[in-house]
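# Inside the fold
What follows is each chain in one-letter form.
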Amino acid sequence: MQNLINFSEAVNLAFHTVGILAGSEDTYVRTSTIAELLDVSEHHLQKVHQRLAKMGIVRAVRGPKGGFCLNKPANSITLLEIYEAMEGPLHPNRCLLGRPNCQRQNCLLGTMVDQVNAIVLANLRTITVDQLAPIRNLMTPPIPSPVPL
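For every chain, the first residue of its written sequence is number 1, and the numbers climb from 1 along that sequence. The predicted nature of this model means local features are confined to residues of pLDDT at least 70 and side-chain atom pairs, given and counted, to a pLDDT of 80 or more, with totals for whole chains, interfaces and linings taken over all residues. Side-chain figures throughout are based on the complete set of non-hydrogen atoms in the structure, without hydrogens or water.

## What to know about the overall build of the chain
What the chain contains, in helices and strands, is 5 helices and 2 strands. Helix and strand assignments come from DSSP, with helices taken as H or I runs of at least 4 residues and strands as E runs of at least 2, each series counted from the N terminus. Taken from N to C terminus, the helices and strands of the chain fall in the order α-α-α-β-β-α-α. For every residue, the accessible area obtained with a 1.4 Å probe (protein chains only) is divided by the maximum for its type, and the residue is called buried under 20%, exposed over 50%, and partly exposed between those limits. Per-residue burial for the chain yields a buried fraction of 33% across its 149 residues. Looking at the chain alone, contacts between residues at least 24 apart form 68% of all its contacts between residues at least 6 apart. A total of about 9800 Å² of accessible surface is found on the chain, and carbon and sulfur atoms cover 55% of it. Between two residues, a contact is recorded if the distance between any of their heavy atoms is within 4.5 Å. In short, Shrake-Rupley with a 1.4 Å probe defines the accessible areas, and a residue's cover is counted only from the protein chains shown.

Have a look at this one:
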């Protein structure tokens, strides 16, 4: 269903990057570190980070102790802001067949597509990064589970 709101790979990487940075307060995190954590291409992630920086969501600091950090508090960054930083303004297409003048009375799905898009859009507008599942600082290794005797 190509005309439902779609999260591209770049959007997914942006969501994850911002989540990692939110969990790494007061620390600059390098693109190479995030790429390793997410097991993704560092080159592709660099493009995502550049776009997030250009849109003011993250801040880049050069140098040996540099990297990326959030440019504003996690509770003020909505998922819609991150999405639109990567994809531009969100305008859900209403017709799955891509027709500019969809005839609802002849549509097999009726208003379902509009309803699904409205729910997703409402969540993107209201959910902030700090409201996501608790973000564990991925920069520290997990505590190993005790070995049973």
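## Notes on the nonpolar core
Val 18, Val 48, Leu 52, Ile 57, Leu 70 and Ile 82 are the most contacted members of the largest nonpolar core, which has 32 residues in total. When residues of this core are traced back to their parent elements, those giving at least two are α1 (9-22), α2 (31-38), α3 (42-54), β2 (67-70), α4 (79-87) and α5 (112-126). With 9 residues, α1 is the largest single contributor of residues to this core. Residues within four places of Leu 70 in sequence aside, it is in contact with Val 18, Leu 21, Ala 22, Ile 57, Val 58, Arg 59 and Ile 77. Nonpolar cores were defined as sets of buried Ala, Val, Leu, Ile, Met, Phe, Trp, Tyr and Cys residues, with membership established by side-chain atoms within 4.5 Å.

## A look at the pattern of salt bridges
Side chains that carry opposite charge are capable of pairing whenever their charged atoms lie near each other. The working definition used for a salt bridge is a side-chain nitrogen of Lys or Arg within 4 Å of a carboxyl oxygen of Asp or Glu. Enumeration according to the criterion identifies 1 salt bridge in this entry. Taking the shortest distance from any N to any O, the salt bridge between Lys 72 and Glu 81 comes out at 2.5 Å. By relative accessible area, which is 28% here, Lys 72 ends up partly exposed.

## Structural notes on the packing of aromatic side chains
Only centres within 6.5 Å qualify two rings of Phe, Tyr or Trp (six-membered ring in Trp) as a pair; their planes then separate them into stacked at under 30 degrees, edge-to-face at over 60, and tilted for everything else. With the rule as written, the count across this model stands at 2 aromatic pairs. Between Phe 7 and Phe 15, the aromatic rings sit 5.5 Å apart at their centres with planes inclined by 80°, giving edge-to-face as the arrangement. For Phe 7, a relative accessible area of 35% gives the class partly exposed. With relative accessibility at 15%, the residue Phe 15 sits in the buried group. Ring geometry for Phe 7 and Tyr 83: centres 6.0 Å apart, planes at 65°, overall edge-to-face. Note that Phe 7 is positioned in the segment before α1 and Tyr 83 in helix α4, a separation of 76 residues in sequence. Taken together, the ring pairs in this structure connect Phe 7, Phe 15 and Tyr 83 into an aromatic cluster.

## Some remarks on α5
With 15 residues, α5 should cover 21 Å at 1.5 Å per step; its first-to-last C-alpha distance of 21 Å lies within 8% of that length. Along α5, the residues classified as buried are Val 113, Asn 117, Leu 121 and Leu 124. One side of α5 holds all its buried residues, which, seen down the axis, span an arc of 60°. Of the residues in α5, the exposed ones pointing more than 90 degrees away from the buried face are Ile 119 and Thr 126. A helix's residues, less one, multiplied by 1.5 Å, set its expected span. Think of it as the arc spanned by the lines of direction from the helix axis to the C-beta atoms.

## Section: the side chain of His 49
As for its position among the elements, His 49 is in helix α3. Between N or O atoms, a polar contact is any pair within 3.5 Å; within protein, one atom must be a potential hydrogen donor and the other a potential acceptor, and residues adjacent in sequence are included only when both atoms are from side chains. Here the side chain of His 49 touches Thr 31 through a polar contact of 2.9 Å, side chain to side chain. In this structure His 49 touches Thr 17, Thr 31, Ile 34, Val 58 and Phe 68, once residues within four positions along its chain are discounted.

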